[in-house]
Each structure stands twice: as structure tokens, then as C-alpha cells.
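Residues per chain, in single letters:
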Amino acid sequence: DPIQSGIYGMLASIYMNREEYEEALAYYLTAEELTTLSDFKIKYEIGQIIAFQALEKHDRAVRLSKKILEIENLKYSYKNTVEELLAFSTQMTM
């Protein structure tokens, strides 16, 4: 349901702004599960990557980034964002 997933996505953003990253992550996961729209799925997965980074779970951020980059016909804007996030988390795991 796009409306429900949108609400969960907004709640995730609110928790990110409050620096409550575990809560934000939970809402991003729920939003991703509820949507059938691929653009929104990717958007929520990018939110998860950022939450993982804030929680210093860079190994999980790297895995999710690589998974997203395997998507065929990934929009360049998403690809560029994910590549930047991947580079940061890769650096942090070294």
C-alpha cells in the first residue's frame, strides 16, 4: 500500500532528524515491505543505509549498497547516491 508505506517513510525521516536511528531503521524496513513501487523501495533502502551508517553498522551499509547497485536500469541519481554511501562505509570498515 503506497499510502501506508509513505506514512512509515515519513515517520522514519522524523526519527532520523531526531537522531533516533534504530527507530528510523525499523520504520524504513516497514515502509519498504509495504510498498510495491520500485522507486520507493530504493528510496527506503537508501534511508536504511544512512541509518546503518549513523549506527556505525558499516558492514550492513556496504551489503545493502552492493545489493542496490546490482539492480538493472537503476536511475543515475540513485546510483550516484548509493555509490557515495558505499565509498564512505567501505572506507570506515578499513
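For the structure, see preceding data.
Residues numbered from 1 in each chain as written. Predicted model: local features only at pLDDT ≥ 70, side-chain atom pairs only at ≥ 80, totals over all residues. Heavy atoms only, no water.

(A) Up close: the overall build of the protein chain. Summing up its helical and strand segments, the protein chain has five helices and zero strands in all. In sequence order, the secondary structure elements of the protein chain are arranged as α-α-α-α-α. The C-alpha radius of gyration computed for the protein chain amounts to 13 Å, which stays within 12% of the reference 12 Å derived for 94 residues, consistent with globular compactness. In terms of overall dimensions, the protein chain has a C-alpha envelope of 40 × 30 × 15 Å along the principal axes. Across the 94 residues in the protein chain, those meeting the buried criterion constitute 36%. (Helix = DSSP H or I, 4+ residues; strand = E, 2+ residues; numbered from the N terminus. Rg over C-alpha atoms; globule rule 2.2 N^0.38 Å. Buried < 20%, exposed > 50% of the residue type's maximum accessible area, 1.4 Å probe, protein only.)

(B) How the structure looks around helix H4 (residues 58–69). Over its twelve residues, H4 runs 16 Å from end to end, which matches the ideal 16 Å to within 8%, given 1.5 Å per residue. Every buried residue of H4 is accounted for by His 58, Ala 61, Val 62, Leu 64, Ser 65 and Ile 68. On its buried side, H4 packs onto helix H3 (38–54) and helix H5 (76–92). (Expected span 1.5 Å × (residues − 1). Contact = heavy atoms within 4.5 Å.)

(C) Structural detail: H5. If you check H5, its first and last C-alpha atoms are 24 Å apart, about what 17 residues at 1.5 Å a residue would give, namely 24 Å. For H5, the set of buried residues is Tyr 78, Val 82, Leu 85, Leu 86 and Ser 89. When H5 is viewed along its axis, its buried side chains cluster within an angular range of 105° and face the same direction. Seen from the open side of H5, the exposed residues pointing more than 90 degrees away from its buried face are Tyr 76, Glu 84 and Gln 91. (Arc of directions from axis to C-beta.)

(D) Spatial organisation of the packing of aromatic side chains. Tallied over the full model, the rule gives three aromatic pairs. On the numbers, 6.2 Å between centres and 45° between planes, the contact of Phe 40 with Tyr 44 is tilted. Here Phe 40 and its partner Tyr 44 are both found in helix H3, four residues apart, which amounts to about one turn of the helix. Note on Phe 40: relative accessible area 35%, which makes it partly exposed. Among the aromatic residues, those joined into a ring-pair cluster are Tyr 8, Tyr 15 and Tyr 27. (Phe/Tyr/Trp six-rings, centres within 6.5 Å; stacked < 30°, edge-to-face > 60°.)

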